[in-house]
Protein chains: 2
Amino acid sequence: MRYDVAIVGSGPAGLSAAINAKIRNKNIIVFGNSNLSDKIVKAPKVDNYLGIHGINGENLKDMFKSHIDKMGIEITEERINNVYAMGDYFALMVNEKTYEATTVILATGIEYAKPIKGEENYLGKGVGYCATCDAALYRGKKVVIVGYNSEAEEEANFLMEMASDVYYIPMYKGEYELSDNIEIINDIPIEVKGDMKANKLVFRNSELDVDGIFFIRNSISPKYLVPGLEVEDGHINVDRTMKTNIKGCFAAGDCIGKPYQYIKAAGEGQVAALNAVSYIDKK
Amino acid sequence: MRYDVAIVGSGPAGLSAAINAKIRNKNIIVFGNSNLSDKIVKAPKVDNYLGIHGINGENLKDMFKSHIDKMGIEITEERINNVYAMGDYFALMVNEKTYEATTVILATGIEYAKPIKGEENYLGKGVGYCATCDAALYRGKKVVIVGYNSEAEEEANFLMEMASDVYYIPMYKGEYELSDNIEIINDIPIEVKGDMKANKLVFRNSELDVDGIFFIRNSISPKYLVPGLEVEDGHINVDRTMKTNIKGCFAAGDCIGKPYQYIKAAGEGQVAALNAVSYIDKK
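Residues numbered from 1 in each chain as written. Chains lettered and ligands numbered in written order. Predicted model: local features only at pLDDT ≥ 70, side-chain atom pairs only at ≥ 80, totals over all residues. Heavy atoms only, no water.

> A description of the overall build of chain A should follow, citing residues and the corresponding values.
Along the backbone of chain A there are seven helices and 17 strands. Each of the three principal axes of chain A carries a C-alpha extent, and together these read 55 × 45 × 35 Å. In chain A, of all internal contacts separated by at least 6 residues, the share reaching a separation of at least 24 is 56%. Total accessible area on chain A is roughly 12600 Å²; 46% of this is exposed by carbon and sulfur atoms. Taken together, the 32 basic and 39 acidic charged side chains of chain A have centroids lying 6 Å from each other. (Helix = DSSP H or I, 4+ residues; strand = E, 2+ residues; numbered from the N terminus. Contact = heavy atoms within 4.5 Å. Areas by Shrake-Rupley, 256 points an atom, 1.4 Å probe, with all protein chains shown as cover. Lys, Arg positive; Asp, Glu negative; His and termini not counted. Charge placed at Lys NZ, Arg CZ, Asp CG, Glu CD.)

What follows is the structure in structure tokens.
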């Protein structure tokens, strides 16, 4: 099946896009997480969302949740690894699965974690952002996963079924649910080194020779998520209608620029959705 | 006294600008009306304001009102006739009064009433938008006021103190509180005629020879409100920071373009305010 609008992100921009596209009777899918937005949930107090004064982030999240619930909008808890423009539709890749949509709205927020030294140079040459996608390439090999969230543990476990050795570098605190034969290294990675391909991850206090290195962060930088997307200073380029340089691809919220604020994001999500709807209706 | 930020308009864009500027400790003044927005109050149902589902316009207005009340923001019920850029500040004219502000945020909404034939050609040449401002020019003369709201009645009464004859054309239903010697004409104006100056108002069923013609609408077209402001297809030109072509003058909401939606306007009001604040702080 092909959706009219696929929305990547479940923060205020993504949710506002979702409700507006749904009101216009479009068939939508929203990729995100059940917490909606980790950023919002952590906000101690929000005073500048017009109409809702003096609320904490958790309660504001509940109001957003209640809004989408009443409209029958569900969040699909999957992490999109790649979005490919296929001409008259988009293919959204989730590990081994593919979703199709006529338009895409990127509402991915902003990734504060910067790439480490050498990481971007070796991307696609021993460095990757989706371990499950590339697992087959590392059969019988030595792989390291730098995980920024617990979802990365699943990727490590999946990889362990094929690779000979898997090292896991947790960049967060918590209990790690990892296969027994995965080795955890508690050190901070600072550089990717290699020749033609990446072959070494350098830590603050040690280093590790490997065949492949994966960084599993909360969000993937838009320029790797959507090949060909115009990005400037870390923000997706859009015009006033929220359309990107790729036909049928729109963007809204923190990922398109400052200020990083909820109602600004919600307003942009609405504009993106209404323009995606009009793009579909003109087709 | 000089305000940091003067906000013209009390719809979602203006109010969102107000709360954001106030949170940043700026000294603000908001010009508008106690109903906040006539457009909102009339909305039967609003489903696309993220966080607040299935509300009617009247109740949404109450939520906005409660928000600004809690923050100690008041609405100054005056109709700005002109905004002049004076170099490092703005002069906002209300009939005989002047307010001063370092920055201005235009959130005037969109005026659906189109000018009638000939009106714009004779603007400043016998046609005006502020009767009280120009009253002195019409001492002992014959003037007609086309009023789109009850505030226009006050302008007519004021003018009657100087002019020899005042005709009032009500474009709305209601009780008219007019001086006894003002003549009401119940007809639809369709064209302004004249030679060097306007001297005739043509109605559907009659015509009237006059020395001056005033149109008192709910909002003044931005290009007449702020001399020198760049306007394209009826919308104020802004960039992504909501700044206009005039330094220190920002705009947000319906007046800068479609879609005409509440949360889009609120988001833009926020962006305008935060950029106005940063403009002030850099001075």
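That was the structure; now back to the text.
> Got a sec to walk through the interface of chain A and chain B? Specific residues and values, please.
When the parts come together, some accessible area is lost, and that loss is often what is quoted as the size of the interface. With 32 residues of chain A in contact, the opposing surface of chain B contributes 32 residues. Interface area lost by chain A to chain B is led by Leu50(A), His53(A) and Arg240(A), which between them contribute 26%. The tally of links between chain A and chain B comes to zero salt bridges. Here chain A is connected to chain B by 16 residue pairs in polar contact (both at pLDDT 80 or more). Listing elements by their share of the side of chain A that touches chain B, those giving two or more residues are α1 (12-23), α3 (57-70) and α7 (262-282) of chain A. A per-element tally of the side of chain A that touches chain B places α7(A) first, with eight residues. (Buried area = accessible area lost by both parts, 1.4 Å probe. Salt bridge = Lys/Arg side-chain N within 4 Å of Asp/Glu carboxyl O. Polar contact = N/O pair within 3.5 Å; in protein donor to acceptor, adjacent residues only side chain to side chain.)

> Could you give me a rundown of the relation of the copies chain A and chain B, with the residues and numbers involved?
Turning one copy of the chain about an axis and sliding it along that axis gives the other copy, so a rotation and a shift relate them. When chain A is fitted to chain B, the residual RMSD is 0.1 Å, and the transformation amounts to a turn of 180 degrees plus an axial shift of 0.1 Å. The superposition operator between the copies reduces to a two-fold rotation axis. Within chain A, Gly267(A) has its C-alpha nearest the rotation axis, a separation of 2.5 Å. By residue overlap, the copies meet face to face through one surface: 100% of the interface positions of chain A are interface positions in chain B. (Least-squares fit on C-alpha atoms with pLDDT ≥ 70 in both.)

> Explain the sheet that holds strand β9 (residues 165-170) of chain A to me, using residue names and the numbers behind them.
All names here are of chain A. Across the sheet, which stays open at both edges, the five strands sit in the order β7-β14-β8-β9-β10 with parallel pairing between neighbours. Of all the strands in the sheet, the pair left with one neighbour each is β7 (127-128) and β10 (183-184). Pairing of strand β8 (residues 142-147) with β9, which is carried by six bridges, proceeds in the parallel orientation. The partner of valine 143 across the bridge, within β9, is valine 166. Together, β8, β9 and β14 (212-216) form the strand contacts of helix α5 (residues 151-160), whose direction differs from that of β9 by roughly 170 degrees. (Pairing = 2+ DSSP bridges. Axes fitted to C-alpha atoms, helices over the stretch in contact; angles between N-to-C directions.)

> Can you break down the sheet that holds strand β12 (residues 198-203) of chain A residue by residue, with the values?
Two pairing modes exist for strands in a sheet, parallel and antiparallel, and in both the strands are linked by backbone hydrogen bonds. Residues and elements named next belong to chain A. Here three strands make up an open sheet; going across it, the order is β11-β12-β13 and the pairing antiparallel. The outermost strands of the open sheet, each flanked by one partner alone, are β11 (189-194) and β13 (207-209). Averaged over all neighbouring strand pairs, the angle between strand axes comes to 20 degrees, with direction disregarded. Of the pairings in the sheet, the one linking β12 to β13 comprises three bridges and is antiparallel in character. Bridge pairing in β13 links leucine 201 to leucine 208.

> Outline the domain arrangement of chain A, listing residues and values.
Residues and elements named next belong to chain A. The assigned domain composition of chain A is domain 1 (2-111 + 219-282) and domain 2 (120-216). Contact with domain 2 buries area across many residues of domain 1, yet Arg79, Asn95 and Tyr224 alone supply 76% of it, more than any other trio. Salt-bridge contacts for glutamate 155 lead to arginine 79; the nearest nitrogen and oxygen are separated by 3.9 Å. Within the side of domain 1 that touches domain 2, the residues separate by chemical class into two nonpolar, two polar and two charged. (Domains from an automatic or database assignment. Nonpolar A, V, L, I, M, F, W, Y, C, P; charged D, E, K, R; others polar.)

> Break down the environment of Pro115(B) for me, with residues and values.
Residues and elements named next belong to chain B. Along the chain, the position of proline 115 falls in the loop between β6 (97-106) and β7 (127-128). When its relative accessible area of 36% is taken as the criterion, proline 115 is described as partly exposed. For the pair proline 115 and phenylalanine 215, spaced 100 residues apart in the sequence, the C-alpha separation amounts to 8.9 Å. Residues in contact with proline 115, not counting those within four places in the same chain, are Glu120 and Arg217. (Buried < 20%, exposed > 50% of the residue type's maximum accessible area, 1.4 Å probe, protein only.)

> Before we move on, could you go through empty space enclosed by the protein and cite the residues and values that matter?
Sizing a probe to match a water molecule and rolling it over the atoms shows the empty space that remains. Following the criterion strictly, the structure yields one cavity of 30 Å³ or more and no others. Forming the walls of the largest cavity are 14 residues, and the residues nearest its centre are Met242(A), Glu268(A), Arg240(B), Met242(B) and Glu268(B). Split into classes, the residues belonging to the lining of the largest cavity amount to five nonpolar, two polar and seven charged. (1 Å grid on protein atoms, 1.4 Å probe; cavity = no way out; pocket = protein on both sides within 12 Å on 5 of 7 lines; lining within 4 Å. Points joined across faces, edges and corners; volume = space filled by probe spheres on them.)

> Describe the pairing of β6(B), with residues and values.
Residue and element names in this part refer to chain B. In terms of burial, β6 is a largely internal element, seven of the ten residues being buried. Where strand β1 (residues 2-8) meets β6, six bridges bridge the pair, whose relative direction is parallel. Across the sheet, residue arginine 2 finds its bridge partner in β6, namely glutamate 100. Summarising the sheet, strand β5 (residues 90-94) and β6 pair through five bridges and their orientation is antiparallel. The residue of β6 that forms the bridge with valine 94 is lysine 97. Taking the residues between adjacent antiparallel strands as the criterion, β5 and β6 are bridged by two residues, where asparagine 95 takes a positive phi near 45 degrees. The sheet contact formed by β6 and strand β17 (residues 249-251) spans three bridges and is parallel. Looking across to β17, one finds that leucine 106 is bridged to alanine 251.

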